[in-house]
Amino acid sequence: MTVDETRSGAGAGTGTGGASGTASDPPSSAYPTPHHAVDHTAEPTDDPLAIRLEQLILGADRRYTPFQAARTAGVSMELASRFWRAMGFADIGQAKALTEADVLALRRLAGLVEAGLLSEPMAVQVARSTGQTTARLAEWQIDSFLEGLTEPPEPGMTRTEVTYPLVELLLPELEEFLVYVWRRQLAAATGRVVQAADDEEMVDRRLAVGFADLVGFTRLTRRLEEEELGELVEAFETTAADLVAAHGGRLIKTLGDEVLFAADDAGTAAEISLRLIETMAGDETMPALRVGIAFGTVTTRMGDVFGTTVNLASRLTSIAPKDAVLVDGAFAEELARAGDAPVSEAQAAQDALAAEKEGEEPGPAAKYRFQLQPMWQRPVRGLGVVEPWLLHRREA
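In this text the structure is predicted, and so the values were computed from the model without any measurement.

Criteria and thresholds
- Residues numbered from 1 in each chain as written.
- Predicted model: local features only at pLDDT ≥ 70, side-chain atom pairs only at ≥ 80, totals over all residues.
- Heavy atoms only, no water.
- Helix = DSSP H or I, 4+ residues; strand = E, 2+ residues; numbered from the N terminus.
- Axes fitted to C-alpha atoms, helices over the stretch in contact; angles between N-to-C directions.
- Parallel < 35°, antiparallel > 145°, perpendicular 65-115°, else oblique.
- Contact = heavy atoms within 4.5 Å.
- Nonpolar A, V, L, I, M, F, W, Y, C, P; charged D, E, K, R; others polar.
- Core = buried A, V, L, I, M, F, W, Y, C linked by side-chain atoms within 4.5 Å.
- Buried < 20%, exposed > 50% of the residue type's maximum accessible area, 1.4 Å probe, protein only.
- Expected span 1.5 Å × (residues − 1).
- Polar contact = N/O pair within 3.5 Å; in protein donor to acceptor, adjacent residues only side chain to side chain.
- Phe/Tyr/Trp six-rings, centres within 6.5 Å; stacked < 30°, edge-to-face > 60°.
- Lys NZ or Arg CZ within 6 Å of the ring centre and 35° of its normal.
- Pairing = 2+ DSSP bridges.
- Salt bridge = Lys/Arg side-chain N within 4 Å of Asp/Glu carboxyl O.
- Left-handed = near helix turned anticlockwise from the far one by under 90°.

### Things to note about the environment of T297
Topologically, T297 is positioned in strand β4 (residues 289-301). Considering only alpha carbons, one finds T297 and R205, 92 residues apart in sequence, at a separation of 5.2 Å.

Written as structure tokens, this is what we have:
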């Protein structure tokens, strides 16, 4: 994944061996260049409007070079560079582009390490996950707001003239909303962790993992105009995100024509997948959808999921029929164990018939939500032979 660079250079990461030019800059031998190459060409902008916007958003003027910021924060230049790069900030040599906020951020991260609350690698991971998430969010917000909300209110006004007052109005509201959503998500994630059965389950958990994939998307890219394709992808991602959240799952990530989601139990994942199929099938503007789900141990890192279970879900998606959900044997067993699907349709029919003959209330078969249809075993690349099952909603 390409790390985004800041457009303005404010809060930008540093290089460690650029030519100095001020008495406060370090000698090159004191802070050697890291093992990977450093690009000193990403200089901060001198555009007057960009600087004014930067000052508005950051709430402070440029004051420090990277070395001065690191020294003021009491952090080595090497560690400061690691933090800044992890956050996705461009190397800027020793240009004076940093503010008090950059110094405070360094102090906070380094303080967590010094206090033993985080290891240094973990602090770098915190910086990286935060930087990657907020970089995408910031890019989307600016693109959307400037595209949709900056139509000149008066003839002759440029978008540039509208941008500053727009950002000035939106900034405090967006900041408050971001913190609110983050706290809500943090509370939910913390709740899931403390309910884990044991310490190992906090990291390596048993989850249902599903991929939903638009069928024939590559052909669509050749037929549709870019704007139409963008609208289709946005509609798909929005619909998927809403359905996953509404039914108790978690959207892990979107990949254009594909979404990855997870749920704590098989029943929730089954409901989400069938709702996705049903909703997309009812929209004539959408191509067909296919879903693959697997259940098992999953490793979670930086909000993403990894492991054999995830790989299996991806492979099942690639072989699933259109407008259908294909699941693995472990998922089928979990549905049966939870009473969401019968062990077999024959057994469910026998139970229902026996209950009817004895004049009793309908048995558990009447309460089953889902139906599983076994498919032929088949080899799956990299995972051996698997026995997939087609998942259906059970008729009432």
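There's plenty left to go through after this.
### Comments concerning the packing of helix α10 (residues 266-281) against helix α12 (residues 329-337)
It is the contact of α10 with α12, at a shortest axis distance of 9 Å, that shows an interaxial angle of 110°. With respect to their mutual orientation, α10 and α12 come out roughly perpendicular. Residues A266, G267, A269 and A270 of α10 lie in contact with α12, whose contacting residues are F331, E334 and L335. Considered class by class, the residues forming the contact of α10 with α12 number 5 nonpolar, 1 polar and 1 charged.

### Some thoughts on the nonpolar core
L289, F331, L335 and L391 are the most contacted members of the largest nonpolar core, which has 38 residues in total. Sort the elements by how many residues they give to this core and α10 lands first, with 8 residues. Residues contacting F331, with those up to four places away along its chain left out, are A208, A266, A269, A270, I293, A294 and F295.

### Quick look at α10
Helical geometry note: an α-helix holds 3.6 residues per turn, so side chains three or four residues apart project in the same direction. With 16 residues, α10 extends 23 Å from end C-alpha to end C-alpha; this agrees with the ideal 22 Å at 1.5 Å per step. Of all 16 residues making up α10, 12 are buried, and the element is well covered by its neighbours. Within the sequence span of α10, burial applies to A266, G267, T268, A269, A270, E271, I272, S273, L274, L276, I277 and M280. By the N-cap criterion, in which a side-chain oxygen at the helix start approaches the backbone nitrogen of a residue two or three places on, α10 is capped by D265, the distance to G267 being 3.2 Å.

### Focus on the packing of aromatic side chains
All told, the structure shown has 1 aromatic pair when counted by the stated rule. Ring geometry for F177 versus Y180: centroids 6.1 Å apart, planes at 40°, classification tilted. Here the residue F177 and the residue Y180 both occupy positions in helix α6 (residues 159-194), the gap between them amounting to 3 residues, near one helical turn. Of the residues examined, F177 reaches a relative accessible area of 51% and is grouped as exposed. With relative accessibility at 49%, the residue Y180 sits in the partly exposed group. Sitting over the face of the ring of Y164, R52 holds its NZ or CZ atom 4.1 Å from the ring centroid.

### Points about the pairing of strand β2 (residues 250-254)
Bridge count between β2 and strand β3 (residues 258-263): 4 bridges; the pairing is antiparallel. Residue pairing in the sheet places T254 in a bridge with V259 of β3.

### Some points on the pattern of salt bridges
This structure, assessed with the given rule, holds 13 salt bridges. Notably, a salt bridge pairs R62 with E54, separated by 2.8 Å at the nearest N-O pair. According to the relative accessible area criterion, R62 is partly exposed, its value standing at 21%. The class of E54 is buried, set by a relative accessible area of 5%.

### Details of the pairing of β3
Moving residue by residue along a regular strand, the side chains alternate between the two faces of the sheet. Within β3, 6 of the 6 residues are buried, leaving the element largely enclosed by the surrounding structure. Burial along β3 is two-sided: the face carrying E258, L260 and A262 and the face carrying V259, F261 and A263 are both buried. Counting the residues in the hairpin turn of β2 and β3 gives 3 residues, including G256, whose phi is positive at 80°.

### What to know about the packing of helix α9 (residues 226-246) against α10
Interhelical geometry of α9 versus α10 gives an angle of 145° and a closest axis separation of 10 Å. Judged by the twist between their axes, the crossing of α9 over α10 is right-handed. Contacts between α9 and α10 involve F236, T239, A240, L243 and V244 from the first element and I272, R275, L276, T279 and M280 from the second.

### Considerations on unusual backbone geometry
We note that D323 has phi near 55°; this positive angle belongs to a residue other than glycine. Structurally, D323 is set in the loop between α11 (308-319) and β6 (324-327).

Function-wise, these values are silent; they only describe arrangement.
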